[in-house]
Amino acid sequence: MTLTGNDPCRVLIVDDSAVVRQMLTEILSSDPAIDVVGTAADPLLAREKIKRLAPDVITLDVEMPRMDGLAFLENLMRLHPLPVVMISSLTERGADTTLQALGLGAVDFVSKPKLDVARGLQAYADEIIAKVKMAARSRVRPLVRVATPKLTLDAAPAVRPAATQFRTTDRLIAIGSSAGGTEALRVVLEGMPADGPAVVMTQHLPASFSTAFAERLDRHSAMAVREASDGEAVLPGHAYLPPGGKHLRIIRDGARWRCRVDDGPAVNRHKPAVDVLFRSVAQAAGGNAIGAILTGMGDDGARGLLEMRQAGAPTLVQDEATSVVWGMPGAAFKLGAAEEQVPLERIAERLLALSRS
């Protein structure tokens with residue numbers, strides 16, 4: 001359902017904790033644009049209420065009794081796709097489960113504090129409200145299980161001619177993303193060859209999620225995906241993410257680029273911030289870089305992408321039709337920072353073509 005400007009978005013809260021259900025109800029109800037139409041203590045009750053109450057958005061705890069939150073989410077996205085905001089714990093297991101949930105089609109997530117849930121959730125009130133309202137206007141697609149062929153050594157000869165070109169072009173691809181971006185980045189990196197140009201990325205994530213996210217991307221890509229360490233050389237065939245809660249910048253060191261991991265203040269309320277990465281790439285790599293903004297809420301990265309374009313780098317954004325949220329790409333496009341809009345499925349191919357030119 002697409003909301004008109006005046007409709008409050010109808011929210012169903014699914015959580016096994018009565019305290020969390022009560023807190024979320026109070027927080028979300030405080031915004032006149034949100035109508036909490038019901039709550040459910042487990043997925044089986046939630047199924048009945050979805051049919052009866054027709055919510056626009058569901059908030060869903062990942063770890064629940066009677067039916068695993070992920071199993072419920074998978075069924076929901078296959079049979080009755082709805083925007084879902086996950087409420088997850090900031091544990092290592094919580095990070096892994098949340099990333100799986102995003103892979104199944106959840107729009108975004110909010111981290112539940114480990115201690116003093118009531119006070120902690122109140123501190124997250126603005127974030128929860130913003131993400132639920134954004135989810136109401138997001139695009140969800142039915143979940144289709146596709147077996148993705150893993151790149152094998154047998155396939156190597158087919159990509160080798162193009163790969164030798166990459167080695168000599170000394171290109172650097174910089175990508176920024178937020179809501180919907182964990183899956184969009186996976187799709188892009190799946191399309192990259194093992195010896196493609198170096199990729200540097202910033203995705204808005206809580207600090208405790210970065211290691212699990214890097215490992216997940218590494219499993220899905222022929223490139224070596226890792227958390228950047230301060231001072232390490234940027235190499236072809238590698239993709240670098242900022243370590244938890246730090247900015248990633250790129251610096252020039254003679255004939256090569258290096259990662260600079262930066263613990264400076266948040267930028268655009270984010271740490272890591274896409275603007276920080278893109279500005280450094282504009283300065284360090286100029287026209288040798290290529291910039292891309294994928295799906296995300298807000299406008300982080302738009303000004304940095306403009307600086308990259310002004311420095312001579314080709315730039316693109318994910319198109320509106322394939323973005324979960326066209327906030328960041330839309331802001332960049334309206335600012336004149338991007339030369340083209342590209343559907344998600346074609347972004348890897350386009351980045352490689354620009355790298356060769």
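Everything numeric here is computed off the predicted structure, so don't read it as measured data.

1. With respect to the packing of helix α3 (residues 69–79) against helix α4 (residues 92–104)
Point 1. In the contact formed by α3 and α4, the axes pass within 9 Å of each other and the chain directions differ by 10°. One element, α3, and the other, α4, form an angle in the roughly parallel class. Note on element contacts: α4 touches α3 through Thr-97, Gln-100, Ala-101 and Leu-104, opposite Leu-70, Leu-73, Glu-74 and Met-77.

2. A look at the sheet that holds strand β5 (residues 108–112)
Point 1. Sheet architecture is open: 5 strands sit in the order β2-β1-β3-β4-β5, paired in parallel fashion. Each edge of the sheet is formed by a strand with only one pairing partner; in this case those strands are β2 (34–40) and β5. In this sheet, adjacent strand axes meet at a mean angle of 20° when their direction is disregarded.
Point 2. Relative to β2, strand β1 (residues 9–14) runs parallel, the two sharing 6 bridges. Following the sheet pairing, Cys-9 is matched in β2 by Ile-34.
Point 3. Along the sheet face, helix α6 (residues 125–136) touches β1, β2, β3 (57–61), β4 (84–89) and β5 and points at about 160° away from the line of β5.

3. Focus on the environment of Leu-189
Point 1. Tracing the sequence through the fold places Leu-189 in helix α8 (residues 181–190).
Point 2. Along the backbone, Leu-189 and His-220 are 31 residues apart, and their C-alpha atoms lie at a distance of 7.5 Å.
Point 3. Residues within four places of Leu-189 in sequence aside, it is in contact with Val-199, Met-201, Leu-217, Ser-221, Met-223, Val-225 and Ala-239.

4. Observations regarding the packing of aromatic side chains
Point 1. Inspection of the entire model under this criterion finds 2 aromatic pairs.
Point 2. Plain terms: the ring middles of Phe-109 and Phe-209 are 5.0 Å apart, the flat faces sit at 5° to each other, and that makes the pair stacked. Pair noted here: Phe-109 is in strand β5 and Phe-209 is in the loop between β7 (198–203) and α9 (210–220), with a separation of 100 residues, a long-range link.
Point 3. Residue classification places Phe-109 among the buried positions, given a relative accessible area of 5%.
Point 4. According to the relative accessible area criterion, Phe-209 is buried, its value standing at 0%.
Point 5. Centre to centre, the rings of Trp-326 and Phe-333 are 6.5 Å apart; their planes meet at 45°, and the pair counts as tilted.
Point 6. When the ring centre of Phe-109 is taken as origin, the NZ or CZ atom of Lys-131, which lies over that ring, is 5.4 Å away.

5. Describing the pairing of strand β10 (residues 247–253)
In the case of a regular strand, side chains alternate between the two sheet surfaces.
Point 1. With 7 bridges joining them, β10 and strand β11 (residues 256–262) adopt antiparallel strand pairing. Bridging across to β11, Ile-251 finds its partner in Arg-258.
Point 2. The turn linking β10 back onto β11 is made up of 2 residues, and Gly-254 within it adopts a positive phi angle of 65°.

6. A short note on helix α11 (residues 302–310)
Point 1. When α11 is considered as a whole, its buried residues turn out to be Ala-302, Gly-304, Leu-305 and Met-308. Axial view of α11: buried residues confined to an arc of 160°, hence all on one face.
Point 2. Looking at the buried residues of α11, the elements they touch are β6 (172–177), α10 (274–285), β12 (289–293), β13 (315–318) and α12 (327–334).
Point 3. A positive phi of about 100° marks Gly-312, the residue just after α11.

7. Brief notes about the nonpolar core
Point 1. In this structure, Ile-175, Met-201 and Leu-351 are the most contacted members of the largest nonpolar core, which totals 58 residues.
Point 2. For this core, the element with the most residues is helix α13 (residues 344–356), which contributes 6 residues.
Point 3. With 30 residues, the next largest nonpolar core counts Leu-277, Ala-289, Ile-293 and Ala-302 among its residues.

Rules used in this analysis
- Residues numbered from 1 in each chain as written.
- Predicted model: local features only at pLDDT ≥ 70, side-chain atom pairs only at ≥ 80, totals over all residues.
- Heavy atoms only, no water.
- Axes fitted to C-alpha atoms, helices over the stretch in contact; angles between N-to-C directions.
- Helix = DSSP H or I, 4+ residues; strand = E, 2+ residues; numbered from the N terminus.
- Parallel < 35°, antiparallel > 145°, perpendicular 65-115°, else oblique.
- Contact = heavy atoms within 4.5 Å.
- Pairing = 2+ DSSP bridges.
- Phe/Tyr/Trp six-rings, centres within 6.5 Å; stacked < 30°, edge-to-face > 60°.
- Buried < 20%, exposed > 50% of the residue type's maximum accessible area, 1.4 Å probe, protein only.
- Lys NZ or Arg CZ within 6 Å of the ring centre and 35° of its normal.
- Arc of directions from axis to C-beta.
- Core = buried A, V, L, I, M, F, W, Y, C linked by side-chain atoms within 4.5 Å.

Function-wise, these values are silent; they only describe arrangement.
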